[in-house]
Amino acid sequence: MTRPGKSADWFSRFATRVAHTVGRPVVFALACIAVLAWAAIGPFVGFSDVWQLTINTGTTIVTFLVVFLIQNTQNRDSAAVQIKLDELLRATAEAHNSLLNLEELSEQDIEMFRQRYIRLASMARKKGIPEIEVDAEEQAADEAAART
């Protein structure tokens, strides 16, 4: 398996760190404090155009850059989850291997699969949910919990 270049590794690590950092409550609190400080300064500068442009420009730049970093992280996380799901499907004897790599299909093909599984779920519900076998020890524990 080939590894991406060092620049790709660096960017991935950087994007992950930024995404995790900006998602923390303390960063949200700092952003709120910055907005409150900006608002508090308004009366002293006469709510000037420069005062308004400061917050508009700053938030636009930060938002623009952070969106790309978070999207990079989300893309990698999503790809990793898909690989894990594909491996579970592959390793499960009863699973349909046609579902492997399903996310690469067209929207129409995915909708066909979705409709098929909706029909299967509906048929299963019509048959009723089979009784779940519970051993005596579990049943005694459930009954004891119900009495308390």
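In the block above lies the structure referred to throughout.
Everything in this summary refers to the structure shown in the same document.

1. Observations concerning the overall build of the chain
Right, so step 1: A count of helical and extended segments in the chain gives 5 helices and 0 strands.
Right, so step 2: Walking the chain from its N terminus toward its C terminus, one meets helices and strands in the order α-α-α-α-α.
Right, so step 3: A burial count over the chain gives 9% of its 148 residues as buried.
Right, so step 4: Once local pairs closer than 6 in sequence are excluded, the contacts in the chain between residues at least 24 apart make up 36%.
Right, so step 5: Accessible area of the chain: about 12500 Å², with a carbon and sulfur share of 65%.

2. Looking at the packing of aromatic side chains
Two numbers describe a pair of aromatic rings. These are the distance of the centres and the angle of the planes.
Right, so step 1: Within the structure shown, the criterion is met by 4 aromatic pairs.
Right, so step 2: Taking 5.0 Å as the distance between ring centres and 75 degrees as the angle between the ring planes, the aromatic pair formed by F64 and F68 counts as edge-to-face. Taken together, the positions of F64 and F68, both in helix 3 (residues 49-91) and 4 residues apart, correspond to about one turn of that helix.
Right, so step 3: Accessibility expressed as a relative area gives 47% for F68, which makes it partly exposed.
Right, so step 4: An aromatic cluster of three or more residues is present, and its members are W38, F47 and W51.
Right, so step 5: The residue whose ring lies beneath R116 is Y117, and the NZ or CZ to ring-centre distance is 5.5 Å.

3. Concerning the pattern of salt bridges
Right, so step 1: Following the criterion strictly, the structure yields 2 salt bridges and no others.
Right, so step 2: One salt bridge connects E87 with R90, and the closest N-O pair in it is separated by 2.5 Å. You can see E87 and its partner R90 sitting in helix 3, 3 residues apart, about one turn around the helix.
Right, so step 3: When the shortest N-O distance is used, the salt bridge between E111 and R114 registers 3.0 Å. Of the two residues, E111 and R114 both sit in helix 4 (residues 107-127), 3 residues apart, roughly one turn of that helix.
Right, so step 4: Residue E111 is classed as partly exposed on the basis of its relative accessible area of 32%.

4. Looking at the packing of helix 2 (residues 25-41) against helix 3
Right, so step 1: Where helix 2 meets helix 3, the axes come as close as 10 Å, and the angle between the chain directions of the two elements is 170 degrees. When the axes of helix 2 and helix 3 are compared, the pair comes out roughly antiparallel. In this structure, helix 2 contributes V35, W38, A39 and I41 to the contact, and helix 3 contributes W51, Q52 and I55.
Right, so step 2: Among the residues making up the contact of helix 2 with helix 3, the classes are represented as 6 nonpolar, 1 polar and no charged.

Reading the values: the criteria
- Residues numbered from 1 in each chain as written.
- Predicted model: local features only at pLDDT ≥ 70, side-chain atom pairs only at ≥ 80, totals over all residues.
- Heavy atoms only, no water.
- Helix = DSSP H or I, 4+ residues; strand = E, 2+ residues; numbered from the N terminus.
- Buried < 20%, exposed > 50% of the residue type's maximum accessible area, 1.4 Å probe, protein only.
- Contact = heavy atoms within 4.5 Å.
- Areas by Shrake-Rupley, 256 points an atom, 1.4 Å probe, with all protein chains shown as cover.
- Phe/Tyr/Trp six-rings, centres within 6.5 Å; stacked < 30°, edge-to-face > 60°.
- Lys NZ or Arg CZ within 6 Å of the ring centre and 35° of its normal.
- Salt bridge = Lys/Arg side-chain N within 4 Å of Asp/Glu carboxyl O.
- Axes fitted to C-alpha atoms, helices over the stretch in contact; angles between N-to-C directions.
- Parallel < 35°, antiparallel > 145°, perpendicular 65-115°, else oblique.
- Nonpolar A, V, L, I, M, F, W, Y, C, P; charged D, E, K, R; others polar.

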